[in-house]
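# Structural description and commentary
So the chains spell out like this:
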Amino acid sequence: MSAPWSQEQLAAEMDAVNGVSLAVEGDTQICGYAFFRICAPESELLHLVVAPQWRRQGMATALLEQALRTFAEQGFETCFLEVRDSNGQARCLYSKAGFLQVGIRKKYYSQPVEDALQLCRNLTDTRRRNH
């Protein structure tokens, strides 16, 4: 299992000047969230999390699609991310969302040490489909 982000890391990301945060709230708690960084014309997904009891209900897909659609509408051209090689569920999600592998970072992750796959999604296709 990977190491979760600390409260300090989460707070810093929410306050980042070039950060974009999306969240889905339930009655009493946050059910899922996504953190992105933007630097036109690129965006990058840093963290996408859905609480265990809310998984397999389309929440991650909805968060990702909303962000990609918004970024495309704002003129961003690409979205990048890294994903653990062993994270099959996330890799499937990203593949369905149109991300393609563009590289690999050897031993990028710790706890446990593992390679990161670098993925990219062309957002100009999204702009064309929405017009």
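Because the structure is predicted, anything quoted here is derived from the model rather than measured. (Residues numbered from 1 in each chain as written. Predicted model: local features only at pLDDT ≥ 70, side-chain atom pairs only at ≥ 80, totals over all residues. Heavy atoms only, no water.)

## Considering the pattern of salt bridges
Counted according to the given criterion, the structure contains 4 salt bridges. One salt bridge in this structure joins arginine 91 and aspartate 85, with 3.0 Å as the shortest N-O distance. According to the relative accessible area criterion, arginine 91 is partly exposed, its value standing at 34%. By relative accessible area, which is 34% here, aspartate 85 ends up partly exposed. Notably, a salt bridge pairs lysine 106 with aspartate 115, separated by 3.5 Å at the nearest N-O pair. Residue classification places lysine 106 among the exposed residues on the basis of a relative accessible area of 61%. (Salt bridge = Lys/Arg side-chain N within 4 Å of Asp/Glu carboxyl O. Buried < 20%, exposed > 50% of the residue type's maximum accessible area, 1.4 Å probe, protein only.)

## Observations concerning the layout of surface pockets
If you roll a probe as big as a water molecule over the atoms, it shows you where there is empty space left. Each pocket or cavity is described by its volume, and for the second largest pocket that value is around 290 Å³. Broken down by secondary-structure element, the contributors of at least two residues to the lining of the second largest pocket are α1 (7-15), β1 (19-25), β2 (30-39) and β3 (42-50). Here the lining of the second largest pocket gets 5 residues from one element, more than from any other, and that element is β2. Residues of the lining of the second largest pocket, tallied by class, amount to 12 nonpolar, 5 polar and no charged. (1 Å grid on protein atoms, 1.4 Å probe; cavity = no way out; pocket = protein on both sides within 12 Å on 5 of 7 lines; lining within 4 Å. Points joined across faces, edges and corners; volume = space filled by probe spheres on them. Helix = DSSP H or I, 4+ residues; strand = E, 2+ residues; numbered from the N terminus. Nonpolar A, V, L, I, M, F, W, Y, C, P; charged D, E, K, R; others polar.)

## With respect to the environment of phenylalanine 35
You can see phenylalanine 35 is positioned in strand β2. In sequence terms phenylalanine 35 and aspartate 125 are 90 residues apart; their C-alpha atoms lie 22 Å from each other.

## Describing the pairing of β1
Relative to β2, β1 runs antiparallel, the two sharing 7 bridges. Across the sheet, glycine 19 pairs through a bridge with arginine 37, a residue of β2. Connecting the antiparallel pair β1 and β2 is a turn made up of 4 residues. (Pairing = 2+ DSSP bridges.)

## Overview of unusual backbone geometry
Note that the residue after alanine 40, namely proline 41, is joined by a cis bond; omega there is 10°. Here glutamine 111 and proline 112 are connected by a cis peptide whose omega angle stands at 0°. By secondary structure assignment, the location of proline 112 is in the loop between β5 (100-109) and β6 (114-122). You will see that arginine 56, though not glycine, has its phi angle at about 65°, which is positive. Position of arginine 56 relative to the elements: it lies in the loop between β3 and α2 (59-73). A positive phi angle, close to 50°, is found at lysine 107, a residue other than glycine. Checked against the element boundaries, lysine 107 lands in strand β5. Under the relative-accessibility criterion, lysine 107 is labelled exposed at 65%.

From the geometry alone we can't say anything about function, so treat these as descriptive.
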